[in-house]
Protein chains: 2
Amino acid sequence: MSETVKVLLADDQALVRGALAALLALEPDLEVVAEVGRGDEVVDAARRSGAQVCLLDIEMPGIDGIAAAAAVRDELPGVRTLVVTTFGRPGYLRRALEAGASGFVVKDTPARQLAEAVRRVHAGLRVVDPSLATESLVDGANPLTEREREVLRVALRGGTVAAIAGQVHLSAGTVRNHLSAAIGKTGTSTRAEAARVAQERGWL
Amino acid sequence: MSETVKVLLADDQALVRGALAALLALEPDLEVVAEVGRGDEVVDAARRSGAQVCLLDIEMPGIDGIAAAAAVRDELPGVRTLVVTTFGRPGYLRRALEAGASGFVVKDTPARQLAEAVRRVHAGLRVVDPSLATESLVDGANPLTEREREVLRVALRGGTVAAIAGQVHLSAGTVRNHLSAAIGKTGTSTRAEAARVAQERGWL
DNA sequence: GCCTGCCCGTGACAGGTGTCATGGCAGCCC
DNA sequence: GGGCTGCCATGACACCTGTCACGGGCAGGC
């Protein structure tokens, strides 16, 4: 059982990816066997390389790290996933765990803890950033309904209600109602704020 | 002249910082002599450690990497700075060069090129991401006036015109005028969009 | 069956927003 | 000085927004 742990790295920023590889290469019991820059390449690369643990950034082109974790869970049982992200948004944590991720680490944790997190995940343990575990509880579940999320996602890019209504194929009045509900639920006063807050909380 | 180049690392994400340190440690001619997580600690740490090249992330608490580069230029002549950032926004490049940075590298450049960039900067050369150099020219200069930028920065956080007017100590009507001008100059139709676009272009 | 919750739509209303015209003030350059 | 530009402010106008009240439809749970 003293063989090395095979790790796959997924991050869209080549520099960060390479740096993380260098960091993990310092550990004699870890081996980086694959590196990808897109979420939709994770499953293929993991299968080909025989990776045992996948380190996934959330922000990636193709599909994001959370969706990639779900894909790995569905198609490669036995392969563990560890989500590493810039933003410690509580909603991300919840969604990552729902997607079957075994671990969730924020990018401002000390570098030395990363290797340890990989080992724990490989051992079947669950690794969760402690600062987020508590926040996640007080934040509670997503109060937004499906339509409200859809409208908010479009509203994130800006534009008038009419423009949003066109993209969602609803009437302008309905869009205003959904936005009004979202504004109420986020405790804000404009739809721009509501969209920003909702995104920060991982509600979209 | 075959001595090692002393490098300071500044990035708010500890994991990335450690990973970059590991990456640079692979190069025998480079030596990481200091690591900081805040922009306002750069000058002190560089002075103490005798760093010759400072690797600065832009997004940092305290002061950002661009302001830190300006501070290094003013207080530590002879010390070169290399700005490394996630977003390849043309405005960032221009501002970084104005702040006296000797190099500008985006985080999705290949990991191997980082060490080479550090060497070139230390040798007195200027290193600029080629994909940005052209974009920077077509984008042109910042068309926004000082007041417009100020109002937009506040508008970025959302809120009504009255709230913005209060924070900027102007009348609501004037704020509307500035916002209207900014909307025109950004080619958008709402102030939320204008603020977003302006920030993406590094105009704020 | 009834009730609840979510969805979609309409209409109306107060207030916010974006645009424009106008004026005054300061600084700068020819 | 005259012209120009940027800044601040005011007022007016049409339009957009956020809110509320009201319907109707559809699913799930008691």
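Residues numbered from 1 in each chain as written. Chains lettered and ligands numbered in written order. Predicted model: local features only at pLDDT ≥ 70, side-chain atom pairs only at ≥ 80, totals over all residues. Heavy atoms only, no water.

S.K.: So what exactly am I meant to see when it comes to helix α5 (residues 112–122) of chain A here?
M.R.: In an α-helix, one full turn covers 3.6 residues, which means residues spaced three or four apart are oriented alike. Residue and element names in this part refer to chain A. Listed as buried for α5 are Leu114, Ala115, Ala117, Val118 and Val121. Down the axis of α5, the buried side of the element spans an arc of 160°, and every buried residue falls inside it. With its phi angle positive at about 95°, glycine 124 sits one or two positions after the end of α5. (Buried < 20%, exposed > 50% of the residue type's maximum accessible area, 1.4 Å probe, protein only. Helix = DSSP H or I, 4+ residues; strand = E, 2+ residues; numbered from the N terminus. Arc of directions from axis to C-beta.)

S.K.: Help me understand the protein's contact with DNA strand C, please; the structure alone is not making it clear to me.
M.R.: Around DNA strand C, the surrounding shell holds 17 residues, and the nearest of these are Thr145 and Arg147 of chain A together with Val161, Ser180 and Arg191 of chain B. In the interface set of DNA strand C, defined as its atoms within 4 Å of the protein, sugar plus phosphate atoms amount to 62%. Taking arginine 176 of chain A, its side chain carries an N or O atom lying 3.1 Å from a base nitrogen of DNA strand C. The set of elements that each furnish at least two residues to the surface near DNA strand C consists of α7 (146–155) and α9 (172–186) of chain A together with α9 (172–186) of chain B. (Near = heavy atom within 4 Å. Polar contact = N/O pair within 3.5 Å; in protein donor to acceptor, adjacent residues only side chain to side chain.)

S.K.: Please explain the confidence of the model for chain A as it appears in this structure.
M.R.: Caution applies to low-pLDDT parts of the model: their predicted coordinates are not meant to be read in detail. Per-residue pLDDT for chain A averages 86, and the proportion of residues at 70 or more is 93%. Of all helices and strands in chain A, the one with the weakest mean pLDDT is helix α6 (residues 130–139) of chain A (58), whereas strand β1 (residues 5–10) of chain A scores best (95). (pLDDT = per-residue confidence, 0-100.)

S.K.: Would you explain the domain arrangement of chain A in this entry?
M.R.: In many analyses, interface size is given as the accessible surface area lost on bringing the parts together. Taken as a whole, chain A is organised into domain 1 (5–138) and domain 2 (146–200). Computed from C-alpha atoms alone, the centre-to-centre distance between domain 1 of chain A and domain 2 of chain A is 32 Å. (Domains from an automatic or database assignment.)

S.K.: Would you take a moment to explain the sheet that holds strand β3 (residues 53–57) of chain B for this structure?
M.R.: Consider a sheet: its strands pair through backbone hydrogen bonds, and that pairing is either parallel or antiparallel. Residue and element names in this part refer to chain B. The six strands are arranged β2-β1-β3-β4-β5-β6 in an open sheet whose pairing can be described as parallel. Each edge of the open sheet carries a strand with a single partner, namely β2 (30–36) and β6 (127–128). Of the strand pairs in this sheet, strand β5 (residues 103–106) and β6 are connected by two bridges, and their pairing is parallel. Across the sheet, the residue bridging to glycine 103 is valine 127, located in β6. Strand contacts of helix α1 (residues 14–25): β1 (5–10) and β2, with the helix running at about 170° to β2, the strand carrying the most contacts. Strands in contact with helix α3 (residues 65–75) are β3 and β4 (80–85); relative to β3, the strand with the most contacts, it is inclined by about 155°. (Pairing = 2+ DSSP bridges. Contact = heavy atoms within 4.5 Å. Axes fitted to C-alpha atoms, helices over the stretch in contact; angles between N-to-C directions.)

S.K.: It is not clear to me how the protein's contact with DNA strand D should be interpreted in this structure. Could you clarify?
M.R.: In the vicinity of DNA strand D there are 18 residues, among which Thr160, Val161 and Ser180 of chain A together with Thr145 and Arg147 of chain B approach most closely. What you see for DNA strand D is that sugar and phosphate hold 65% of its atoms within 4 Å of the protein. Between DNA strand D and threonine 174 of chain B, the relevant distance is 3.4 Å, taken from a phosphate oxygen to a side-chain nitrogen or oxygen of the residue. Within the contact set of DNA strand D, a base oxygen lies 3.0 Å away from a side-chain nitrogen or oxygen of asparagine 177 of chain B. Of all the secondary-structure elements, those providing two or more residues to the surface near DNA strand D are α9 of chain A together with α7 (146–155) and α9 of chain B. Top contributing element to the surface near DNA strand D by residue count: α9 of chain B, with five residues. Looking at side-chain class alone, the surface near DNA strand D contains three nonpolar, ten polar and five charged residues. (Nonpolar A, V, L, I, M, F, W, Y, C, P; charged D, E, K, R; others polar.)

S.K.: Even after reading the chapter, I still don't get α7 of chain B, so can you show me in this structure?
M.R.: Restricting attention to buried positions, one finds in α7 of chain B the residues Glu148, Arg149, Val151, Leu152, Val154 and Ala155 of chain B. Buried residues in α7 of chain B make contact with α8 (161–168), α9 and α10 (191–200) of chain B.

S.K.: Please clarify how the sheet that holds strand β4 (residues 80–85) of chain A should be interpreted in this entry.
M.R.: Residues and elements named next belong to chain A. Within the open sheet, the six strands sit side by side as β2-β1-β3-β4-β5-β6. Their pairing is parallel. Either end of the sheet is taken by a strand with one partner, and the two such strands are β2 (30–36) and β6 (127–128). Here β1 runs beside strand β3 (residues 53–57); their pairing, made up of four bridges, is parallel. Residue pairing in the sheet places leucine 8 in a bridge with cysteine 54 of β3.

S.K.: Just checking my understanding: could you explain the relation of the copies chain A and chain B for this structure?
M.R.: Each of the two chain copies can be generated from the other by rotation about an axis followed by a shift along it. Mapping chain A onto chain B calls for a rotation angle of 180° and an axial translation of 0.1 Å; the resulting RMSD is 0.2 Å. Taken together, these values place the two copies in the relation of a two-fold axis. Closest approach to the rotation axis within chain A is made by the C-alpha atom of alanine 19 of chain A, at a distance of 2.3 Å. Comparing interface residues between copies, 100% of those in chain A also sit at the interface in chain B, which points to an isologous, same-surface contact. (Least-squares fit on C-alpha atoms with pLDDT ≥ 70 in both.)

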